[in-house]
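A structural walkthrough
What follows is each chain in one-letter form.
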Amino acid sequence: MELPDFMSYANKFSQSDFVDKVAKIAKRAGSKLVYAALILYYTLQSDKISTANKAMIIGALGYMISPLDVIPDAIPIAGLTDDLAVLLFVLKKVWVDVDPDIQQKAKERLSKWFDDDEIAEIKDLFGSEE
């Protein structure tokens, strides 16, 4: 799958829209997408991340929030696959800047929306066991 120009969605990002979107799609999106989004969201708040990486994260989260993307979110199953692809692409780019405490904070938030079996899916976040 070819990634869209997610950077053009940077103006779609806002903290309140992010929280609203995640709350609405959490169960339908699955723990992997939500975990990736939360890690990026919390990494964005870190002072250890470069401006360029912050811009990438804002673009990816804006893409996730926007209802206008390559595969509309309303399409069952397929509708969020492009969002996950964009989030994982950016997450791989900034992974060196993701502190273990950010990962833990994301896992704690995830546990409010998902049960243990669903959370187990995040162990294979990038598609292969690490």
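Since the structure is predicted, the reported quantities are computational estimates derived from the model, not experimental observations. Counting of residues starts from 1 at the beginning of each chain's written sequence and follows it residue by residue. Reporting of local features is limited, given that this is a predicted model, to residues whose pLDDT is at least 70; pairs of side-chain atoms are given and counted only at 80 or more, and all residues count toward the totals for whole chains, interfaces and linings. Hydrogens are left out, water is left out, and the side-chain values use all remaining heavy atoms of the structure.

Considerations on the environment of Gln45
Numbering of helices and strands runs from the N terminus; a helix is a DSSP stretch of H or I covering at least four residues, while a strand is a stretch of E covering at least two. As for its placement among the helices and strands, Gln45 is situated in the loop between α2 (31-44) and α3 (51-65). Any residue under 20% of the maximum accessible area for its type is buried, any over 50% is exposed, and the rest in between are partly exposed; the area is computed with a 1.4 Å probe on protein chains only. The exposure class of Gln45 is partly exposed, given its relative accessible area of 42%. Taking the C-alpha atoms as reference points, Gln45 and Leu68, 23 residues apart in sequence, are found 25 Å from one another. In this description, contact between two residues means that some pair of their heavy atoms is separated by no more than 4.5 Å. Once residues within four sequence positions are removed from consideration, Gln45 is found in contact with Gln15 and Lys105.

A closer look at the packing of α3 against helix α4 (residues 81-94)
For any two helices packed against each other, the geometry is given by the interaxial angle and the distance between the axes. Fitted lines through C-alpha atoms give the axes, limited to the stretch in contact for helices. The angle between two N-to-C directions lies from 0 to 180 degrees. Axis separation between α3 and α4 bottoms out at 9 Å; the angle between their running directions is 165 degrees. In terms of their interaxial angle, α3 and α4 are classed as roughly antiparallel. In the packing of α3 onto α4, the handedness of the crossing is left-handed. Residues Asn53, Met56, Ile57, Ala60, Leu61, Tyr63 and Met64 of α3 touch α4, and the partners they reach there are Asp82, Asp83, Val86, Leu87, Val90, Lys93 and Val94. Its residues placed into classes, the contact of α3 with α4 shows 10 nonpolar, one polar and three charged. Any angle from 65 to 115 degrees is called roughly perpendicular, while one under 35 is roughly parallel, one over 145 is roughly antiparallel, and all others are oblique. By convention the crossing between two helices is left-handed if the near helix lies anticlockwise of the far one by an angle smaller than a right angle, and right-handed if it lies clockwise. Residues are grouped as follows: nonpolar covers Ala, Val, Leu, Ile, Met, Phe, Trp, Tyr, Cys and Pro; charged covers Asp, Glu, Lys and Arg; every other residue, Gly included, is treated as polar.

Some words on a negative patch on the surface
Think of a patch as exposed residues, more than 30% relative accessible area, with no salt bridge, where like charges cluster within 9 Å and nonpolar side chains (Val, Leu, Ile, Met, Phe, Trp, Tyr) cluster within 5 Å. Surface exposure here means Shrake-Rupley accessible area, sampled with a 1.4 Å probe, where a residue is shielded only by the protein chains that are shown. When a carboxyl oxygen of Asp or Glu lies within 4 Å of a side-chain nitrogen of Lys or Arg, that pair is called a salt bridge. In this tally Asp and Glu are treated as negative and Lys and Arg as positive; neither His nor the chain ends contributes. We put the charge of a Lys on NZ, of an Arg on CZ, of an Asp on CG and of a Glu on CD. On the surface, Asp115, Asp116, Asp117 and Glu121 cluster together to form a negatively charged patch. As for its placement among the helices and strands, Asp116 is situated in helix α6 (residues 116-119). Here Asp116 falls in the exposed class, since its relative accessible area comes to 65%.

Details of the confidence of the model for the chain
Averaged over all residues, the pLDDT of the chain is 86; the fraction at 70 or higher stands at 92%. pLDDT is a per-residue confidence score from the predictor, ranging from 0 to 100. Considering each helix and strand of the chain separately, the mean pLDDT is smallest for helix α1 (residues 15-29), with a value of 80, and largest for α2, with 95.

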